[in-house]
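What the coordinates show
Given next are the chains, with one letter for each unit.
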Amino acid sequence: MQKMAELLGLRDERGEGASEAPALTGSWLADNRLTLDVCPDGCCRLRWLFERQQAEVVQVELLRLSSNNRLLDTVLGILPRLKRLKSLVLKGGHVRDEFGSCQHGSLTTLPPDFGTLRYLTHLDLSFNSLSTLPSCIPCLTSLRALLVSHNNLVALPENFGSLSKLTFFSAMKNQLKDLPLSIGELAALEDLDLSENVLELLPEEVGNLQSCMELDLSGNRLPSIPESLANLKSLRRLHLHSNLLVTVPASLARLPNLSRLDLQNNCLRAVPPEIQTAPFVHLRGNPLGETEPSLQADESSTTELRRLFLASEEDSFTVTSEGCKVVLASGIRFCFPPGAASDPLQIYFRTLAPDPRWVKLRHHDVLLSRVLELQPHGVKFQQEVEIWMPYASPETLHQREVVVRTFSGQSWSDLRTQVEKKRKSKKHVAHCSVLHFSWFLVVSRLVQNECKVPTEGTLLFSSVDPNIKVTFPPGVTEETRNVKLQVLPVSAEEIAELTADAGCKASPLLCLSQDSLADFLRPVKIQLPLPFGVTGLNLDRSRLHLLCGDVEGQTWDDITSQVVLEFTHLYAVFEVTHFSWYWLWYTTKTYIGGIAKKVYERLRMYQVNFIALQRKKDPEQVLLQCLPKHKVDPVLRKLQDRYQGPEPSDMVEMFEGEQFFAAFERGISIDMDRPDCVDGRLSFTFYSHLKNMKEIYVTSPVDRKGQAVKGQVSFYRGAVPESIPEDATRRRRGPDSLWLATLPIKLPRLKPRWGETSSSLNGFSFPPLNLGNAETGYLTQANLLSIARRVGADWQTIGLNLGLTYQQIERIGYNHREDLDKQILDMLFSWAQQNSEDPDCVSKLIAAMKESGRQDIADEIETIIELGRQKYRESIRRVGLEQESSTEDSAIAMT
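As the structure is a computational prediction, the values presented were derived from the model and not from experiment.

Per the counting criterion, the structure on display carries 27 aromatic pairs. Measuring from centroid to centroid gives 6.4 Å for Trp-358 and Trp-439, while their planes differ by 65°, and the two rings are edge-to-face. Taken as a pair, Trp-358 in the loop between strand 17 (345–352) and strand 18 (366–367) and Trp-439 in strand 25 (residues 439–446) lie far apart in primary sequence, 81 residues in all. There is no split in this pair, since Trp-358 and Trp-439 are both buried.

Structural data, given as structure tokens:
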């Protein structure tokens, strides 16, 4: 702790590291930057620093803090005292709930004297709980970038236009219904994002935003847009998709710099020819060419619903009372009939990886899809909405059925589902209808037959095996009950293999359940077929056992002596008053309950193999996958051209939904900061019909000294799944029993990296380069180094916005695990080297910084570029070339 305090300059009056200092690992107080949003106790740290090192803290120019911190209110009063503050990030979203959704921060307002921060140019208050914009914000006259996305704002203040220097404003995903007229006074505004609000009207004053280059109004409720938008001569991109537009001005097509006009998924039945023929206009998802429904038309006639086709990056759409059909990029489809929503409603969607902590599968269930979340939760539609969900088709369906399962927030229930097959793609989809939105997934379950049992009694058959039937006599119940029947057929070969005894035979496994906790008033008669090969003629009653299992299949009691068994030539008949699992066995074994328990456990398990393959072109990229044994050979054939590696592991057995881990060992490691990395091990969940696969970069933390590294990856079982048999639990005790398999991984000898002979900083090598050109301004090697010093923990986000792939980012992190500076330098100079010939690379760098919330760095780059332009112009004037060049051009033109 003392060493860390010294590094941060945190010393008390005696020169000692303060003993009461909170843990400061991962925070920086350097170059007038203070990054605390990655720290769970960031507010506590800020308060501690301010109390002990106030002179240093008040010099901070950039502060990042998480508003998910419960101590946020205790430090808000400190902010107005940071008079030199230029950039403040006070975001929520750093904490996720059990479903993976970002939790909003607790910020609802700011101190009134916050408006005295006259140097503040960048303010990010996204993912908070603001219902109104704090009154102090319009007083921040130096503000150039303001982000308030993902809040609850319903309006902007009338004096919002006083932010005269504002160039970037994002208020996406709020509840804005209208805009103040003063918004037209934002003369410097270049980028305005008001997407996914509830705007129904735009003021004409929006047309005064002469500097605006990008305007995003998508996902609102706009039926029209003002003609004044045609005055935005600087506009390059205009996003109007997913609104209620019925008309657009033809003058938009004549905007001189417009390169994209997105009008998809609106209500446009006709558009001006200039719009329809413009190459930069996107019109998909509009009812073009259709006529308005006539009021005189016959009531039975139907009008084709509006169709919306959403791209992969979109996550919402608007439904009106007219209804619509929606197709997501993933293949999921919706049909909202007319009148399903009385008012325009914004629908949000996303797909989630199934998490066994809350996706609870029942025995013998098979998961066939990811989880689909639809919001807003709980909103009731006036008519049923149809949903079509694609799924991974199981190999056999004759003994199982596919259903859509929905989660209410507390429990899962199955919906009435129809299975369809697409004609062209031949993919299977599950079709259901709902009146509310929540979470949905597709599962394959044992075929379920059900009926209502009245006082008069009834008869229930199994559709899987009609020889299995349950008879309810009159007077069996006082009130009507719902009863369900499921059958698990078990072949004679399976029983012989699982028991290693050809003499063991068993009937199909019968599961009965009801919605009442009370037993039946009169015995219920059950008919089960005798085990294969056994008839009433050759039956040896001493070998026949009727077993009753508990709900979880943990115990199997022999109840043969407790019931009256009657036999026909093919069936056994008995009576019970309690519902559970029932299984008829024919064997010479004495302790049949223990055998049935082990067989039942094995019937729920899958035989799987693990594979670990390395990409041929880049051996540090490793593909790990767990496959059911019948899928191993087909998968390997598909991958053999791009990957190589050892033979698959030996066969092991796993339960559906069981967690397991992959650990790299013997000199090979992965990035420990991955969200799916637990205690240095990569976390997986096995689902037999989903891809249990991850592709990652590995590295060696030790110095290879030019030698190859022969390491390995081992697979281990995770936590014991709920409701598995006791015997299976016992086998998982102790570290050795958790081990599943080990496969070798070899990293080849390292090749020399680029720039090893060029200049170096702190042991990191980078090549000399200049980005841009003399006329527009250069970014030199020294400039990039200066920028790198300010990037900090945002380097991964910046790298992704620069166009680097997630795998590249991962690899950089692995290669420099213990050195943040080298991670930043490697990311920045890798991108710079790849894009040094691109004339627009500097503008792309500036855009990436803005998208990453680093307006402060974007401002610094723009300042460097502007200085370079000025120097270039001065040098031209100094030698008199500027005027001479223009004179020569004029003379040539005249001749």
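Next comes the rest of the write-up.
Further remarks concern the sheet that holds strand 36 (residues 571–576). Strand order across the open sheet formed by 5 strands is 27-28-32-36-35, with antiparallel pairing between neighbours. What marks the edges here is a single partner per strand, and that holds for strand 27 (458–461) and strand 35 (566–567).

Position of Gln-410 among the secondary structure elements: in the loop between strand 21 (400–407) and strand 22 (412–414). Among the residues examined, Gln-410 registers a relative accessible area of 76% and is labelled exposed.

Remember that side chains alternate between the two faces of the sheet whenever the strand is regular. In terms of strand pairing, strand 16 (residues 333–336) meets strand 20 (residues 385–390) through 3 bridges, oriented antiparallel. Counterpart to Cys-335 in the pairing with strand 20 is Glu-386.

Looking at the chain, pLDDT values average 81 and 83% of them are 70 or higher. Under a pLDDT of 50 for its full length, residues 732–736 has, in the predicted model, 8 contacts with residues more than four places off or in other chains. Note on residues 751–762: pLDDT is under 50 here. Beyond four places in sequence and across chains, it has 26 contacts.

What follows deals with the pattern of salt bridges. Going through the model one piece at a time under the given rule, you end up with 20 salt bridges. For Glu-373, the salt bridge identified is with Arg-350, shortest N-O distance 2.5 Å. Residue Glu-373 is found in strand 19 (residues 371–375), and its partner Arg-350 is found in strand 17; the two are separated by 23 residues along the sequence. Here Asp-414 ties to Arg-405 by a salt bridge, and the two come within 2.5 Å at their closest N and O atoms.

Spatially, 5 strands are ordered 43-44-42-46-47 in an open sheet, and the strand pairing comes out antiparallel. Among the strands making up the open sheet, the edge pair consists of strand 43 (677–678) and strand 47 (739–747). Two elements, strand 46 (residues 709–717) and strand 47, share 8 bridges in a ladder whose sense is antiparallel. Opposite Lys-710, over in strand 47, you have Lys-746 as the bridge partner.

Relative to the assigned elements, Ser-126 resides in the loop between strand 5 (122–124) and strand 6 (145–147). A relative accessible area of 3% places Ser-126 in the buried class. For Ser-126, the residues in contact, after removing those within four places along its chain, are Leu-90, Lys-91, Gly-92, Leu-147, Val-148, Ser-149 and Asn-151.

A separate point is the packing of helix 12 (residues 806–815) against helix 13 (residues 820–835). Closest axis-to-axis distance for the helix 12/helix 13 pair is 9 Å, and the angle between their directions is 135°. With respect to each other, helix 12 and helix 13 are oriented oblique. With respect to the hand of their crossing, helix 12 and helix 13 are arranged in right-handed fashion. Two secondary-structure elements touch here, helix 12 through Gln-808, Ile-809, Ile-812 and Gly-813 and helix 13 through Gln-823, Asp-826, Met-827 and Gln-834. The residue inventory of the contact of helix 12 with helix 13, partitioned by class, reads 3 nonpolar, 4 polar and 1 charged.

Mapped onto the fold, Gln-210 is located in the loop between strand 8 (191–193) and strand 9 (214–216). Of the residues examined, Gln-210 reaches a relative accessible area of 39% and is grouped as partly exposed. With 22 residues separating them in the primary sequence, Gln-210 and Ala-188 have C-alpha atoms 7.7 Å apart. Once you skip the residues sitting within four places of it in the chain, Gln-210 turns out to touch Asn-231, Leu-232, Lys-233 and Ser-234.

We now examine the packing of helix 10 (residues 781–791) against helix 13. Between two packed helices, the angle of one axis relative to the other and the distance separating the axes together describe the packing. With their axes 9 Å apart at the nearest point, helix 10 and helix 13 run at an angle of 140° to one another. By the angle class used here, helix 10 and helix 13 are oblique. Both helix 10 and helix 13 take part in a crossing whose hand is right-handed. Residue-level contacts link Gln-781, Leu-784, Leu-785, Ile-787, Ala-788 and Val-791 of helix 10 to Ile-824, Leu-825, Leu-828, Phe-829 and Ala-832 of helix 13. Looking at side-chain class alone, the contact of helix 10 with helix 13 contains 10 nonpolar, 1 polar and no charged residues.

Before going further, it helps to examine helix 12. For helix 12, the set of buried residues is Ile-809, Glu-810, Ile-812, Gly-813 and Tyr-814. In the core, the buried residues of helix 12 are packed alongside strand 45 (692–697), helix 11 (795–801) and helix 13.

Here His-241 is to be found in the loop between strand 10 (237–239) and strand 11 (260–262). By relative accessible area, which is 13% here, His-241 ends up buried. Of note is the side chain of His-241, whose polar atom sits 3.0 Å from the side chain of Ser-242. Separated by 3.1 Å, the side chains of His-241 and Glu-314 make a polar contact. If we ignore the near neighbours within four places in the chain, the residues touching His-241 are Ser-218, Gly-219, Asp-262, Leu-263, Gln-264, Asn-266 and Glu-314.

Quick notes on the rules
- Residues numbered from 1 in each chain as written.
- Predicted model: local features only at pLDDT ≥ 70, side-chain atom pairs only at ≥ 80, totals over all residues.
- Heavy atoms only, no water.
- Phe/Tyr/Trp six-rings, centres within 6.5 Å; stacked < 30°, edge-to-face > 60°.
- Helix = DSSP H or I, 4+ residues; strand = E, 2+ residues; numbered from the N terminus.
- Buried < 20%, exposed > 50% of the residue type's maximum accessible area, 1.4 Å probe, protein only.
- Pairing = 2+ DSSP bridges.
- pLDDT = per-residue confidence, 0-100.
- Contact = heavy atoms within 4.5 Å.
- Salt bridge = Lys/Arg side-chain N within 4 Å of Asp/Glu carboxyl O.
- Axes fitted to C-alpha atoms, helices over the stretch in contact; angles between N-to-C directions.
- Parallel < 35°, antiparallel > 145°, perpendicular 65-115°, else oblique.
- Left-handed = near helix turned anticlockwise from the far one by under 90°.
- Nonpolar A, V, L, I, M, F, W, Y, C, P; charged D, E, K, R; others polar.
- Polar contact = N/O pair within 3.5 Å; in protein donor to acceptor, adjacent residues only side chain to side chain.

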